[in-house]
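# Understanding the architecture of this molecule
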Amino acid sequence: MISISIQDFFKWIITGDERQQETKTKGKRLRPWFLAGFLIVFVGMGLWFHSLGVGGAPGTLRRTNLFQYYYLETGAWLRHSGELSAVSPSLTHVMITLGFYLVCAAVGGVLFMGIGWVIRKFSCRATNSI
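This report concerns the structure included in the present document. Keep in mind it's a predicted model, so treat the numbers as computed, not measured. (Residues numbered from 1 in each chain as written. Predicted model: local features only at pLDDT ≥ 70, side-chain atom pairs only at ≥ 80, totals over all residues. Heavy atoms only, no water.)

## Observations concerning the nonpolar core
- Of all hydrophobic cores here, the largest spans six residues; its members are Met45, Leu66, Tyr69, Tyr70, Val94 and Tyr101.
- When contributions to this core are tallied by element, the ones reaching two or more residues are α3 (66-79) and α4 (91-129).
- It is α3 that provides the largest number of residues to this core, a total of three residues.
- Sequence-distant contacts of tyrosine 101, that is, excluding residues within four places in its chain, are made with Phe42, Val43, Met45, Gly46, Leu66, Phe67 and Tyr70. (Core = buried A, V, L, I, M, F, W, Y, C linked by side-chain atoms within 4.5 Å. Buried < 20%, exposed > 50% of the residue type's maximum accessible area, 1.4 Å probe, protein only. Helix = DSSP H or I, 4+ residues; strand = E, 2+ residues; numbered from the N terminus. Contact = heavy atoms within 4.5 Å.)

## Observations regarding a nonpolar patch on the surface
- Residues Val43, Leu47 and Phe67 make up a contiguous nonpolar surface patch of roughly 250 Å² in combined accessible area.
- Residue placement: leucine 47 occurs in helix α2 (residues 16-48).
- Residue classification places leucine 47 among the exposed residues on the basis of a relative accessible area of 53%. (Patch = residues over 30% accessible without salt bridge, like charges linked within 9 Å, V, L, I, M, F, W, Y side chains within 5 Å. Areas by Shrake-Rupley, 256 points an atom, 1.4 Å probe, with all protein chains shown as cover. Salt bridge = Lys/Arg side-chain N within 4 Å of Asp/Glu carboxyl O.)

## Regarding α3
- Helix length check: α3, at 14 residues, gives a terminal C-alpha distance of 20 Å against a target of 20 Å (1.5 Å per residue), a fit within 8%.
- Burial in α3 covers these residues: Leu66, Tyr69, Tyr70, Leu72, Glu73, Gly75 and Ala76. (Expected span 1.5 Å × (residues − 1).)

## So, the packing of aromatic side chains
- Under the criterion given, the structure shown has seven aromatic pairs.
- Geometrically, the ring pair formed by phenylalanine 67 and tyrosine 101 is edge-to-face, given 6.4 Å between the ring centres and 70 degrees between the ring planes. With phenylalanine 67 in helix α3 and tyrosine 101 in helix α4, the pair connects residues that are 34 residues apart, well separated along the chain.
- Judged by relative accessible area, which is 1%, tyrosine 101 ranks as buried.
- Ring centres of tyrosine 70 and tyrosine 101 lie 5.9 Å apart, and the angle between their planes is 35 degrees; on these two criteria the pair is classed as tilted. Of this pair, tyrosine 70 sits in helix α3 while tyrosine 101 sits in helix α4; the two residues are 31 residues apart in sequence, bridging distant segments of the chain. (Phe/Tyr/Trp six-rings, centres within 6.5 Å; stacked < 30°, edge-to-face > 60°.)

## Considering the side chain of asparagine 65
- By secondary structure assignment, the location of asparagine 65 is in strand β2 (residues 61-65).
- Here the side chain of asparagine 65 touches phenylalanine 67 through a polar contact of 3.2 Å, landing on its backbone nitrogen.
- At a separation of 3.0 Å, a polar atom in the side chain of asparagine 65 contacts the main-chain amide nitrogen of glutamine 68.
- Once residues within four sequence positions are removed from consideration, asparagine 65 is found in contact with Gly46, Leu47, Phe49 and His50. (Polar contact = N/O pair within 3.5 Å; in protein donor to acceptor, adjacent residues only side chain to side chain.)

So, in structure tokens, the structure goes:
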């Protein structure tokens, strides 16, 4: 006698195209979790962390949050005359800082996506056990 559960029966019935569609929708449900984590870390770091930026009177340094730092440094770089000094704007430094900042935000997004996956996994188990 062959014993088969209802879930196994429906898995057997589902065609390959429907299986592909099923796996595509699973990934889409985690995208909002990634986006939420990315934005929380992105905005949090932008407001929380500080850096030194050239601003105000020429040749002065200001302690600013990251959003202000990008604004001031990019503006100083665009207005820069080409003379080198201790406070000369560096687009390379801005890009390295921004790259590190985006990597940290992406890691936050992946962590939130993991949290969403765990929550979805346990909520599926809870609904299947009822």
